[in-house]
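Read off the chains here:
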Amino acid sequence: MSLELLIVPVAAFVAAVVSGLGGFGGALILVIILTPIVGVKAVIPLISVFATCNNLSRVFIYRKSIVWKTAAQFTVASIPGVYFGAKILDWLPERALLSVLGLTLLGAIPLGRYLKKREFKSGVKTIVAFGAVFGLVSGATAGTGMFVIAGLNSAGLRGAVLLGTDAIIGFVNGTMRAGVYSALGLLTPQMILSGLLMGALTVPGNWVASKIVKRMGDNIHAKLIEVLIALGGVWFLGKALFPA
């Protein structure tokens, strides 16, 4: 038990730093670390509380950089997609779904470069389209933060602006998921308390990440985002081609 008391806060801090740098990836770290400790049934609801706190702390840190209009358009557009994404999950074979997700992520990189080269200016229709896709993906699978980043990155957001706008979208999404889990009895008061305690460590974790991002500059950070998106795409394709 004493080892777990050390591992969990360290994992929460590292997860906050990782997600603070790229906008996603922290939840995956916690899934790997926490599943053997709390069990697979509890880990996803628990992480929803952590994710809500994590995104809230990033909202505070990047509050002056958030594009609120874009965040609102993206979030509203994603809501109906969640329902249809759940329907897709119901009938689409898992390997086919993983393949589509992987190819979508890998395709987002050249798309973003093409749009930047053409000096593309993202409008309402573009943001709504990306939001709808995110809704579909979040309804069909876990680990959807990389799709928000891919969409915002392709729409021209960089650095602190990208991370702040992603944070408010993630905060709303995490709050909704935590509410649903709680209503279904999957998120107990004890789990909420545990999630909040882990969430407290996201404040220093995101602060450290914000300092690193500032030193990077937008160009280096944009390259880091592309690398993370590519790794996510390869991971999905790997799961599709070589299922456990």
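Each remark here, short or long, concerns the structure printed above.
Treat the numbers as computed from the prediction; the structure is a model and nothing was measured.

(A) Layout of the nonpolar core. Counting 21 residues, the largest nonpolar core has F74, V148, L152, L162, I168 and I169 as its most contacted members. Taken together, the elements giving at least two residues each to this core come down to α1 (2-22), α4 (68-91), α6 (124-140), α7 (145-154), α8 (159-183) and α10 (202-216). At five residues, α8 tops the list of elements feeding residues into this core. Apart from the residues lying within four places of it in its own chain, the contact partners of V148 are F74, F134, D166 and I169. Counting residues in hydrophobic clusters, the runner-up holds 17 residues, among them V8, V43, I47 and A178.

(B) Quick peek at the packing of helix α9 (residues 189-200) against α10. Relative to each other, α9 and α10 sit at 30°, their axes nearing to 5 Å. Contacts between α9 and α10 involve M198, G199 and A200 from the former and T202, V203 and P204 from the latter.

(C) Main features of the packing of aromatic side chains. Counting across every chain of the model gives zero aromatic pairs. One cation-aromatic arrangement involves R63 over F60; the distance from NZ or CZ to the ring centre is 4.2 Å.

(D) Local environment of α8. Spanning 25 residues, α8 covers 36 Å between terminal C-alpha atoms, matching the ideal 36 Å at 1.5 Å per step. Directly beyond the C-terminal end of α8, a positive phi value near 80° is found at G185.

(E) Main features of the environment of I109. Locating I109 in the fold gives a position in helix α5 (residues 94-117). Given a relative accessible area of 15%, I109 falls into the buried group. Along the primary structure I109 and N153 are separated by 44 residues, whereas in three dimensions their C-alpha atoms are 8.7 Å apart.

What counts, and where the lines are drawn
Residues numbered from 1 in each chain as written. Predicted model: local features only at pLDDT ≥ 70, side-chain atom pairs only at ≥ 80, totals over all residues. Heavy atoms only, no water. Core = buried A, V, L, I, M, F, W, Y, C linked by side-chain atoms within 4.5 Å. Buried < 20%, exposed > 50% of the residue type's maximum accessible area, 1.4 Å probe, protein only. Helix = DSSP H or I, 4+ residues; strand = E, 2+ residues; numbered from the N terminus. Contact = heavy atoms within 4.5 Å. Axes fitted to C-alpha atoms, helices over the stretch in contact; angles between N-to-C directions. Phe/Tyr/Trp six-rings, centres within 6.5 Å; stacked < 30°, edge-to-face > 60°. Lys NZ or Arg CZ within 6 Å of the ring centre and 35° of its normal. Expected span 1.5 Å × (residues − 1).

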